[in-house]
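Secondary and tertiary structure notes
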Amino acid sequence: MTHKHTELIKVLSFIFPKANPDFDRKIDLVTEWYLEFLNKEQPPTREIGVNDERQIIMKMPYKRNCGYWTDNNIELEEISKRFNIEVISEETFEEMWKSWGDSN
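Residues numbered from 1 in each chain as written. Predicted model: local features only at pLDDT ≥ 70, side-chain atom pairs only at ≥ 80, totals over all residues. Heavy atoms only, no water.

1. Quick notes on the side chain of N20
In this structure, N20 sits in the loop between helix 1 (3–15) and strand 1 (32–36). Its relative accessible area of 4% is what places N20 among the buried residues. Looking at N20, its side chain comes within polar contact range of the main-chain nitrogen of G67, at 2.6 Å. Once you skip the residues sitting within four places of it in the chain, N20 turns out to touch I27, M60, N65, C66, G67 and Y68. (Helix = DSSP H or I, 4+ residues; strand = E, 2+ residues; numbered from the N terminus. Buried < 20%, exposed > 50% of the residue type's maximum accessible area, 1.4 Å probe, protein only. Polar contact = N/O pair within 3.5 Å; in protein donor to acceptor, adjacent residues only side chain to side chain. Contact = heavy atoms within 4.5 Å.)

Below is the structure:
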């Protein structure tokens, strides 16, 4: 990689910031996603990523992170066509959301 190429990447990253700068490296570690939908015709509003050890490793949108699913224009119907889904309660989602805080 040439020096000019490296500079270009730095400049482009500055001009077009990453959508999830704190979590981009962790997204591939997510084995389960928990998504919150306010209605079926809109994309998810919040998301929680869990790893293979059942640990929450990210929640988004959070601080400067837009989200993986929340930043896409995909609705519940489309997600359910592509993936196996399981509905959880609003209370369960909220407990999970609150359990992952700034110390993680």
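So much for the structure itself; the text now carries on.
2. Examining the nonpolar core
Counting residues in hydrophobic clusters, the biggest one holds eight residues: F23, I27, V30, I57, M58, M60, Y62 and W100. The contact partners of W100, leaving out residues within four places of it in the chain, are F23, I56, I57, M58, K59 and Y62. Listed in part, the six residues of the second largest apolar core include Y34, V50, M96 and W97. (Core = buried A, V, L, I, M, F, W, Y, C linked by side-chain atoms within 4.5 Å.)

3. Regarding the packing of aromatic side chains
The full count for this structure, using the stated rule, is seven aromatic pairs. Consider the rings of W33 and W69, whose centres lie 6.3 Å apart with planes at 80 degrees: the pair is edge-to-face. With W33 in strand 1 and W69 in the loop between strand 3 (56–60) and helix 2 (76–82), this pair connects stretches of sequence that are 36 residues apart. Ring centres of W69 and F83 lie 5.7 Å apart, and the angle between their planes is 90 degrees; this geometry places the pair in the edge-to-face category. Of this pair, W69 sits in the loop between strand 3 and helix 2 while F83 sits in the loop between helix 2 and helix 3 (90–99), and the two are 14 residues apart along the sequence. (Phe/Tyr/Trp six-rings, centres within 6.5 Å; stacked < 30°, edge-to-face > 60°.)

4. A word on the side chain of R46
Secondary-structure assignment places R46 in strand 2 (residues 46–50). Judged by its relative accessible area of 16%, R46 falls in the buried class. Only 2.6 Å separates the side chain of R46 from the side chain of E94, close enough to count as a polar contact. In this structure, R46 is in contact with Y34, L35, E36, M60, P61, T70, F93, E94 and W97, ignoring residues within four places of it in sequence.

5. Some remarks on the sheet that holds strand 3
Pairing within the open sheet is antiparallel, and its three strands lie in the order 1-2-3. Taken across any chain shown, the strands that pair with only one partner, and hence form the sheet edges, are strand 1 and strand 3. Put simply, the sheet's adjacent strands are angled 15 degrees from each other on average, direction ignored. Relative to strand 2, strand 1 is paired through five bridges, and the arrangement is antiparallel. What sits directly across from E36, in strand 2, is R46. On the sheet, helix 3 packs against strand 1, strand 2 and strand 3 and is oriented at approximately 70 degrees with respect to strand 2. (Pairing = 2+ DSSP bridges. Axes fitted to C-alpha atoms, helices over the stretch in contact; angles between N-to-C directions.)

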